[in-house]
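Chain residues, written in single-letter form:
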Amino acid sequence: WEVETDCLPPSEVMSTMAFSPRVEAVPGAVRVHPAGSIKGAVPMRPGGGPPTLLCGVGPPANVVKPSRPFWARVVGVAAPIIRSKGFQGTSLVLLFVALFLSDAAGCFGFPDDPWNSIQDGMMTLIMAFFTLEMLLTYIVDNTTYNVTSFFLWMDVLGTISMVFEISFMLGDGGEIKTTSSDSASSSAVLLRAARAARLGARAGRITKMFKFLPGFGNDSKEAAPEAEISRLLQAKLSARVAALTILLVVALPMIGLVLPQYPEVDRSMAAWVDSMDLAAKSGADAAVTRAGDMSAFYAKHNGHYFPFRVEPVAASLTGDLQGWGEYSTPSRLADVLLVSGDNYAVYFDFSVMNQFESGYNLTVTFLVVLVMVLFSFNLSAVLSGLVVSPLERMLTVMRAVTETIYGTMSVLGDDETVAAGPGSAAPGGKSKLSVLSEVDQLEAVMAKLAKMSKLMVNKPAVGEQELKDMGDEGQGVLAMVDQTLQRREPRARSEVCVAEGLRFTEGKLSVATDVLESWELDVLTLSLMEQKMVAVWALLDSSLGQRVGRQHTDADTLVRFMDAVEPQYHDNSYHNFAHGVDVCHTVSRILSAIHAERWLGSVECMAVMIAAICHDVGHPGQTNPFLVETQHELALLYNDKSPLENMHCAVLFKICGKAPTDVFHRLSVEERKAARKVAVETILHTDMAHHFAMVKDLGLMFEMFGADRPANMTAVEVADYFGTTLQPQDNLMILQMALHTADVSNPLKPFDICHAWADRVLAEFFQQGDKEKELGIPVGFLNDRLKVKKPSSQIGFIEILVAPLVSNAVNLFPSLGDRGSQLLSNVESWAQLWSEETSPDAEDQGKMKARIEKMKGMF
């Protein structure tokens, strides 16, 4: 076959191939070698080139129109039939007729004529319908409905059991039951077991059929992913429920075959017939007398079944049997039981017993069906509550997130579907995202999140080795967009080395070393000179300082630096030189606890402690919002963007710009750039405007790097772990966290120190509040001395700001866990003061307790 394509490229024509073992693309055409077939293809003309396949106007007259495979046409006809509500409803109705019809006839005593014919006709039609249903189901869904399918064999068994309900096949309608004294017991058991087997085989179909009813299965025309999962779950569980039903209904009665005493069988009928046979040896009259005794016996002891006719087997045994005429023949021959002996045959009327048994069977069948329906509804509800509904919510959220990610981050896409985005059209007018399966959606979202995570960790555009291998031109291009990629050798992290020699602060501090190496140092109790020495100790003499500060500065320069910084601080209640020293000391404690010297550069560690000394230098005792509101010169100078923090950075490097006070004088050019970057970035992030973003970023860092690390790691192991997993920008975030946490660390220290600093900060706030009232501008929430209660304000400060920050820090670095405990202790102390000052009622006390419990939950 060969097709010349006027409008479609060969690739698209090839895509229409139904089957071709060998396809050859030729210019402007597609050649399919003999075993193949192509839609719209025509045979080569005997004497010419290939015919033209016209586009948009249908094939030429001589084109052989493609035909669907026979099996596909059959499936196309069968599928709408088997899946229609009418067909399914009819199947369900006929199933109930097959279950109840025979027993209903016996229960209500329908006569054989004409009921047997009616029943035979109905049962035959039902069996034919069930056979048709099985055939259509196999045609449409032979992948799951095949010889290995439980439902197929259940349907086959149930359909075959119909022959026992049709009298002209294997049914017993319209026939007298016969028995002998030897076979009465086994026959009763086998009949009941066979009947139970038929009931179970048909009842098992109900679990499959009830998906037709509302509440079972998916009513939507297009099955959503979660609906498909629900369908599969129902199919699996329906098979198990049906198997359980058949096991209970069929297997349990079979016990009677092993235990012949169940059910008990009345042997009196055979005994009376045997008695008549013995009496017949004495003459026909004696046998007739025994027959009268038998009739009186059943009339007295058993009114449920009784003999209504006695017939001699031999003509010589006639006798007077006229007394039996008072009993009429039952209307249903199925209610007659014939017990035969050697000489006489006795007919028993079992109408009452059979009606009772039919009623019992109807009740059992109804109860079985009812239990199955209720169980199915309950199972459906349980599945919906435990699996389907949560899955629906999850997939709904996932689809919404996917749409958002595809819409806002499509720049990351490298495949056709992602690049197209959620608005792109797929066949049928749907978005490509909407036609993805739930697995595909999950994979797409995970791939997208992986790309986003890669961007968030902000890995360098090129690695260190790639940078080394680049020529000057390549490095120059990168330097245009990334100033950190200047020509330089990569700087190795500091080695742990302790400079030897005497302590520079030896004899200049009245505080014991163990206090200095703890969180219990109270700088407010120290003189100005001792406060300076505390800062020098942190940078040079502490366990951290000996590994960090001594490599990059000297004591004389550092002392001159402290002498230059201290006058730049204003005489504020809180933002003063003592606060700067306290924060510097706290930063050293945090860095020591997390073993920063093992994985952060020594230059960076020293830079953040220098930044701590100057993080509030020149502070006027007023907040950024106040400066912006009053159009202060600092707000105008820095365009309302962190005016105080920008000013602090400027003052720091103005002091360092003079040689006598340049604490960075030992650093190389590149190291000085790194130190400046750390100092500027960490000071700028002490602006409370960045607080909540920092809390979120720390939480994200924990989820990305800390949540899956090995449990029970020591502080050193945690430090080494982060040293191999974090990127440079992550290290900077840790330094920002250290300075910002130290800046608000009053609640992390003993309560007397915490209380003293709280008095100072509120005093400063109140001074600003007085100024705000004087200027007629809005008064800050914590600035009105007439309204603010110290305990309440401190509890709120800790609850809203400090606790979330410290909680994330503790998650990242468990070695800071004791600070969380101290924070909670201080909260309870503040709550006690609040209770003493306000005498709250039970409701307020309960609320306060709930707030404290919530904070405890963070740790």
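Above this text you will find the structure in question.
Note that the structure is a prediction, hence the values are computed from the model and not measured. (Residues numbered from 1 in each chain as written. Predicted model: local features only at pLDDT ≥ 70, side-chain atom pairs only at ≥ 80, totals over all residues. Heavy atoms only, no water.)

**Looking at the overall build of the protein**
Moving on, step 1. If you tally the helices and strands in the protein, you get 33 helices and 10 strands.
Moving on, step 2. Scored against the burial criterion, the 859 residues of the protein give a buried share of 45%.
Moving on, step 3. By sequence separation, contacts in the protein at least 24 residues apart represent 73% of the contacts at least 6 residues apart.
Moving on, step 4. Looking at the protein as shown, the accessible area adds up to about 43600 Å², and 59% of this sits on carbon and sulfur atoms. (Helix = DSSP H or I, 4+ residues; strand = E, 2+ residues; numbered from the N terminus. Buried < 20%, exposed > 50% of the residue type's maximum accessible area, 1.4 Å probe, protein only. Contact = heavy atoms within 4.5 Å. Areas by Shrake-Rupley, 256 points an atom, 1.4 Å probe, with all protein chains shown as cover.)

**Notes on the pairing of strand 9 (residues 336–340)**
Moving on, step 1. Buried residues dominate strand 9, accounting for four of its five residues.
Moving on, step 2. Strand direction decides the pairing type here: strand 9 and strand 10 (residues 344–349), joined by five bridges, are antiparallel. Residue pairing across strands places Ser340 opposite Ala345, the latter belonging to strand 10.
Moving on, step 3. Count of turn residues in the strand 9/strand 10 antiparallel hairpin: three residues. (Pairing = 2+ DSSP bridges.)

**Things to note about empty space enclosed by the protein**
If you roll a probe as big as a water molecule over the atoms, it shows you where there is empty space left.
Moving on, step 1. Throughout the structure, instances matching the rule amount to two cavities of 30 Å³ or more.
Moving on, step 2. Size it by volume and the second largest cavity reaches roughly 60 Å³.
Moving on, step 3. Those elements that place two or more of their residues in the lining of the second largest cavity are helix 29 (728–743) and helix 31 (790–812).
Moving on, step 4. Of the residues forming the lining of the second largest cavity, the biggest block, three residues, is contributed by helix 31.
Moving on, step 5. Across the lining of the second largest cavity, the residue classes break down as eight nonpolar, one polar and one charged. (1 Å grid on protein atoms, 1.4 Å probe; cavity = no way out; pocket = protein on both sides within 12 Å on 5 of 7 lines; lining within 4 Å. Points joined across faces, edges and corners; volume = space filled by probe spheres on them. Nonpolar A, V, L, I, M, F, W, Y, C, P; charged D, E, K, R; others polar.)

**Some remarks on the packing of aromatic side chains**
Moving on, step 1. Scanning the model with the defined rule gives 14 aromatic pairs in all.
Moving on, step 2. Relative to Trp757, the ring of Tyr574 lies with its centre 5.5 Å away and its plane at 85°, an arrangement referred to as edge-to-face. A residue pair is termed long-range when its members are at least 10 positions apart, and Tyr574 in the loop between helix 20 (555–565) and helix 21 (577–593) and Trp757 in helix 30 (residues 751–775) qualify at 183 residues. Each member of the pair, Tyr574 together with Trp757, is buried.
Moving on, step 3. Measuring from ring centre to ring centre gives 6.0 Å for Trp599 and Phe722, while their planes differ by 35°; the resulting arrangement is tilted. Residue Trp599 is found in the loop between helix 21 and helix 22 (602–614), and its partner Phe722 is found in helix 28 (residues 715–725); the two are separated by 123 residues along the sequence. Take Trp599 and Phe722: they sit in the same class, and that class is buried.
Moving on, step 4. Ring pairing ties together the aromatic residues Trp272, Phe297, Tyr298 and Phe348, which thus form one cluster. (Phe/Tyr/Trp six-rings, centres within 6.5 Å; stacked < 30°, edge-to-face > 60°.)

**Quick notes on the side chain of Gln531**
Moving on, step 1. Its location among the elements puts Gln531 in helix 18 (residues 528–541).
Moving on, step 2. The exposure class of Gln531 is buried, given its relative accessible area of 8%.
Moving on, step 3. Among residues more than four places away in sequence, those in contact with Gln531 are Val523, Leu526, Phe577, Ala578 and Val581.

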